[in-house]
Amino acid sequence: MGRVRSSWGLREALGVVCALAGAASASAAPLRSAQIPHTQPRASEAERLLVVHNAERTRLGLPPLAWNSALARDAGDYARKMLARGQLRHASPSDRKNNGENLWMGTAGAWDSAAMVGMFLDERRYFRPAAFPDVSLTGNWTDVGHYSQIVWRETREVGCALDTGNGKDVLVCRYHPAGNVMGKNPY
């Protein structure tokens, strides 16, 4: 998916999301991020993120994801880089070790992590089960790329990190193995 640039303002207030996944791909008030020390989620935050991911997989009869601390650590390193750049952009496949990646950036303190992942899951309304990349009712797979990565049957692990800086929250989730693989069905 190339570079994603965003002008701050209304888009920032609404939250900005971007998805890409795959080595062989197309190429309540939960805990606030300010309470999470430098991107490594506390156990309760990791559990909350895992529950949100797995609720949709359970609904579809898919195996649950397991939390992977190494993925979360890598996601945290990348979240800090994005904040330093002030730009939402996917890591290259080699930089993310060919793992899948979902990104979210928005106004600091405006959403909790469950709502951030919930925005990924909201893409379900445009999703249709078919071979990738024909998975979107809109005809554009990027409209459902976060969702399809979360529900990709072969994906077994997730690790996420949330960081705050420069008035922004950034959530990075990494997935292993990556989904959104050309010619394959999500589930």
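Refer to the structure printed above.
The notes below deal with the structure included here. (Residues numbered from 1 in each chain as written. Predicted model: local features only at pLDDT ≥ 70, side-chain atom pairs only at ≥ 80, totals over all residues. Heavy atoms only, no water.)

1. Some details on the nonpolar core
Soluble globular proteins tend to pack their nonpolar side chains together in the buried interior.
Here's step 1: The biggest cluster of nonpolar side chains holds 27 residues, and the ones touching the most others in it are V117, I150, V158 and L171.
Here's step 2: At the level of secondary structure, the elements contributing two or more residues to this core comprise α2 (43-59), α4 (113-121), α5 (145-150), β4 (157-165) and β5 (168-176).
Here's step 3: The greatest single-element share of this core, amounting to four residues, is contributed by α4.
Here's step 4: If we ignore the near neighbours within four places in the chain, the residues touching V158 are L50, H53, L65, A66, W67, N68, L71, C173, R174 and Y175.
Here's step 5: Formed by twelve residues, the second largest nonpolar core is a distinct cluster that contains A79, L103, A161 and V172. (Core = buried A, V, L, I, M, F, W, Y, C linked by side-chain atoms within 4.5 Å. Buried < 20%, exposed > 50% of the residue type's maximum accessible area, 1.4 Å probe, protein only. Helix = DSSP H or I, 4+ residues; strand = E, 2+ residues; numbered from the N terminus. Contact = heavy atoms within 4.5 Å.)

2. A few points about the state of the cysteines
Here's step 1: In the structure shown here, the tally under the stated rule is one disulfide.
Here's step 2: Paired by a disulfide, C160 and C173 hold their sulfur atoms 2.2 Å apart. The sign of the 110 degrees torsion about the S-S bond sets the C160-C173 disulfide as right-handed. With C160 in strand β4 and C173 in strand β5, this residue pair connects regions lying 13 residues apart in the sequence. With respect to class, C160 is no different from C173; both count as buried. (Disulfide = S-S within 2.5 Å.)

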